[in-house]
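One letter stands for each residue in the lines below.
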Amino acid sequence: MTISLIPSTLPAVLSPVLTPFKADSTPDAQKLLKQCKWLSANGVGQAIFGTNSEANSMSATQKMNTLTALIEGGLNPEHMMPGTGSTSVESTYRMTAHALSHKCAGVLMLPPFYYKDITDDGLFAYFSEVIQRMGNSALQIYIYNIPPVTKINLSLSLLERLIKEYPKTVVGMKDSSGDWEYTESVIKLLAPSGFRVYAGSETFLMRTLRAGGVGCISATANVNPKAIADVAAHWRESNADERQADLDKVRAVFAHYQMIAGMKTAVAHFSKDPEWLRVRPPLMQLSADQQAKLLSELKAINFSMPGL
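Residues numbered from 1 in each chain as written. Predicted model: local features only at pLDDT ≥ 70, side-chain atom pairs only at ≥ 80, totals over all residues. Heavy atoms only, no water.

Asker: In this structure, what is going on with the sheet that holds strand S5 (residues 170-175)? I would like to understand it.
Answerer: Strand pairing in a sheet is mediated by backbone hydrogen bonds. Such pairs are either parallel or antiparallel. Ordered in space as S2-S1-S7-S6-S5-S4-S3, the seven strands form an open sheet in which the pairing is parallel. Sheet topology places strand S2 (45-46) and strand S3 (107-109) at the edges, where each strand pairs with a single neighbour. Sheet topology places strand S1 (residues 13-15) next to strand S7 (residues 215-217); two bridges connect them, and they run parallel. Looking at S7, one finds that Val13 is bridged to Cys216. Set on the sheet, helix H7 (residues 180-190) makes contact with strand S4 (141-145), S5 and strand S6 (196-199); between it and S5 the angle comes to about 165°. (Pairing = 2+ DSSP bridges. Helix = DSSP H or I, 4+ residues; strand = E, 2+ residues; numbered from the N terminus. Contact = heavy atoms within 4.5 Å. Axes fitted to C-alpha atoms, helices over the stretch in contact; angles between N-to-C directions.)

In structure tokens:
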């Protein structure tokens, strides 16, 4: 199977960008725009409305309005992969059509995750209905595999079936399974035909690139963008494993905390903007003691966020 894909303009590293919220709990598009531009300046694309964006705590309308504001604010849609997957075909279609109307390079699409024990036929029907309703050859879908959250395992046979049926539309995936054997099996089977596999964490960045994947879409690219982008750009160099180890040290600090609240603590601290601490229920901010401990641990490894 050979796939003749539209050349991708997406960077090797993307961030599921943290969403800042106003006091009334609505997304703060201008603060988000500033954050996205900082990420872009550090070589990282924007997978807005991903898991770490608290996307499923926002309405489709809020996300679409925010995307419009970001594009109108000058963000480059060729470096953007908005999350558009939801539990309903209608919402997924609306958000996907909106992203495509703004010429985003791709969309990141969750499977419908509410019902459990669903079949490959059911999953195929969901993605197929969205694609057929779109009816647009410019659509580039990256399937989002995150079974620790969705409790849905995307089988290799399902991916093969989708690619066979929609070879120029289902063009890649983000794999946040945390299961390297699975990630590697997808790369070995599908990457030779042009399928683009992004690891869901920079912990797997070197392994993914060496196996034939294209990069990572990682939570901590929100706070450590340049270092991660540099590893992706220089992964063939002799010190790449040493650089990977440095990335892992930063990741390990944040992994001790609720990841979204922890990263927002870091952004609030280094930007000197406490409004970044806000998260949407059911998430909660870190306690004052947790915030102090996290920042102390970051200081101990000489972590900073220059230019924020």
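Having seen the model, we can carry on.
Asker: Mind showing me how you'd approach the packing of helix H4 (residues 120-134) against helix H6 (residues 156-165) here?
Answerer: When two helices pack together, their arrangement is captured by the angle between the axes and the distance separating the axes. Remark: H4 packs on H6, axes separated minimally by 10 Å, with the N-to-C direction vectors making an angle of 35°. Along this stretch, H4 crosses H6, giving a crossing that reads as right-handed. Across the interface between the two elements, Asp120, Asp121, Leu123, Phe124 and Phe127 of H4 pack against Ser157, Leu158, Arg161, Leu162 and Glu165 of H6. Residue classes in the contact of H4 with H6 are distributed as five nonpolar, one polar and four charged. (Left-handed = near helix turned anticlockwise from the far one by under 90°. Nonpolar A, V, L, I, M, F, W, Y, C, P; charged D, E, K, R; others polar.)

Asker: Honestly, the pattern of salt bridges in this entry has me stumped. Any pointers?
Answerer: Should their charged atoms come close, side chains of opposite charge can pair. Summed over all chains, the structure comprises eleven salt bridges. One salt bridge connects Arg161 with Asp121, and the closest N-O pair in it is separated by 2.7 Å. Taken together, the residues Arg161 in helix H6 and Asp121 in helix H4 connect sequence positions 40 residues apart. Look at Arg161 and you get partly exposed, because its relative accessible area is 36%. Across the pair Glu184 and Lys188 runs a salt bridge, and its minimum N-O distance is 4.0 Å. Here the residue Glu184 and the residue Lys188 both occupy positions in helix H7, the gap between them amounting to four residues, near one helical turn. When its relative accessible area of 26% is taken as the criterion, Glu184 is described as partly exposed. Among the ionic contacts, a cluster of salt bridges with common partners joins Lys31, Asp273 and Glu275. (Salt bridge = Lys/Arg side-chain N within 4 Å of Asp/Glu carboxyl O. Buried < 20%, exposed > 50% of the residue type's maximum accessible area, 1.4 Å probe, protein only.)

That is the geometry; function is a separate question.
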